[in-house]
Amino acid sequence: MVVAGVSGSGKTTLAARIAAVTGGPHTEIDGLYHGPDWEPRPEFRDDVLAFTAAEAWTTEWQYSAVRELLAERADLLVWLDLPYWRVTFPRVVRRTVARRVHRRELWNGNQEPPLRTILRDPEHIIRWSVSTRRLYADRIPAVERAHPHLTVVRLRTPREVEAWLAGPLTIASSNPPAERGVSVD
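Just so it is clear, the model here is predicted, and its values are computed rather than measured.

Trainee: Talk me through the nonpolar core; I want residue IDs and the actual numbers.
Mentor: Core analysis: the largest hydrophobic core is formed by 22 residues, its most contacted members being F44, V48, W61, V66, L70 and L77. It is helix α4 (residues 64–73) that provides the largest number of residues to this core, a total of four residues. If we ignore the near neighbours within four places in the chain, the residues touching L77 are V2, A4, W61, I140, V143, L150, T151, V152 and V153. If you look at the next biggest cluster of nonpolar residues, it comprises 16 residues, including V3, L80, W164 and L165.

Trainee: Summarise the sheet that holds strand β3 (residues 76–80); cite the residues concerned and give the values.
Mentor: Within a sheet, adjacent strands bond to each other through the backbone by hydrogen bonds, running parallel or antiparallel. The four strands are arranged β2-β1-β3-β4 in an open sheet whose pairing can be described as parallel. Because the sheet does not close on itself, it has two edges, and the strands there are β2 (59–60) and β4 (151–155). Relative to β4, β3 runs parallel, the two sharing five bridges. Across the sheet, L77 pairs through a bridge with V152, a residue of β4. Set on the sheet, helix α1 (residues 11–22) makes contact with β1 (2–4), β2 and β3; between it and β1 the angle comes to about 155°.

Trainee: Which residues make up the packing of α1 against helix α8 (residues 158–174), and what values do they have?
Mentor: Packing of α1 against α8 leaves a shortest axis separation of 9 Å and a crossing angle of 30°. As far as their axial angle goes, α8 and α1 are roughly parallel. The element α1 and its partner α8 pack so that their crossing is right-handed. Judged by residue contacts, L14, R17, I18, V21 and T22 of α1 engage V161, E162, W164, L165, L169, T170 and S173 from α8.

Conventions adopted
- Residues numbered from 1 in each chain as written.
- Predicted model: local features only at pLDDT ≥ 70, side-chain atom pairs only at ≥ 80, totals over all residues.
- Heavy atoms only, no water.
- Core = buried A, V, L, I, M, F, W, Y, C linked by side-chain atoms within 4.5 Å.
- Buried < 20%, exposed > 50% of the residue type's maximum accessible area, 1.4 Å probe, protein only.
- Helix = DSSP H or I, 4+ residues; strand = E, 2+ residues; numbered from the N terminus.
- Contact = heavy atoms within 4.5 Å.
- Pairing = 2+ DSSP bridges.
- Axes fitted to C-alpha atoms, helices over the stretch in contact; angles between N-to-C directions.
- Parallel < 35°, antiparallel > 145°, perpendicular 65-115°, else oblique.
- Left-handed = near helix turned anticlockwise from the far one by under 90°.

Okay, structure coming up:
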């Protein structure tokens with residue numbers, strides 16, 4: 001299962017919550033991708049191949065090097081298509097500022113860069129979030145066409161997220177496969 005959305009939309013938080021409901025593992029894909037000094041880890045693709053070989057898994061749908069692989073191996077894609085300026089932008093700003101102010105260690109010893117870098121670094125996470133905010137409107141329909149086996153759930157508000165978690169996901173996860181009409185052979 002994969003969770004898609006622009007930076008700051010809550011992909012990692014939702015993926016962890018989904019894993020808690022389903023009882024499967026959550027692998028935070030940023031932790032696999034980023035090595036020391038923000039360099040991509042050479043083992044990244046192999047690590048993704050390994051955890052997606054399991055029967056159940058949840059992660060975030062990002063990084064072009066594995067996005068197609070994740071779509072091929074997932075059965076469900078949850079698209080966080082939240083109001084950008086009202087919900088996502090304030091989240092990414094709050095998260096980035098808090099990480100920097102508290103010098104929170106992220107993945108493999110990395111920390112958010114100084115806040116002033118937003119002015120000169122086009123890949124600063126806040127600028128990245130703004131510049132990529134519309135990409136999923138094209139990516140999701142394309143992945144649906146390319147992968148007809150993939151069920152897409154589009155959630156447009158925080159209220160829809162909570163309702164889906166408490167309703168359809170919880171109901172589906174609480175019924176054994178045989179009760180859902182799924183063969184266990």
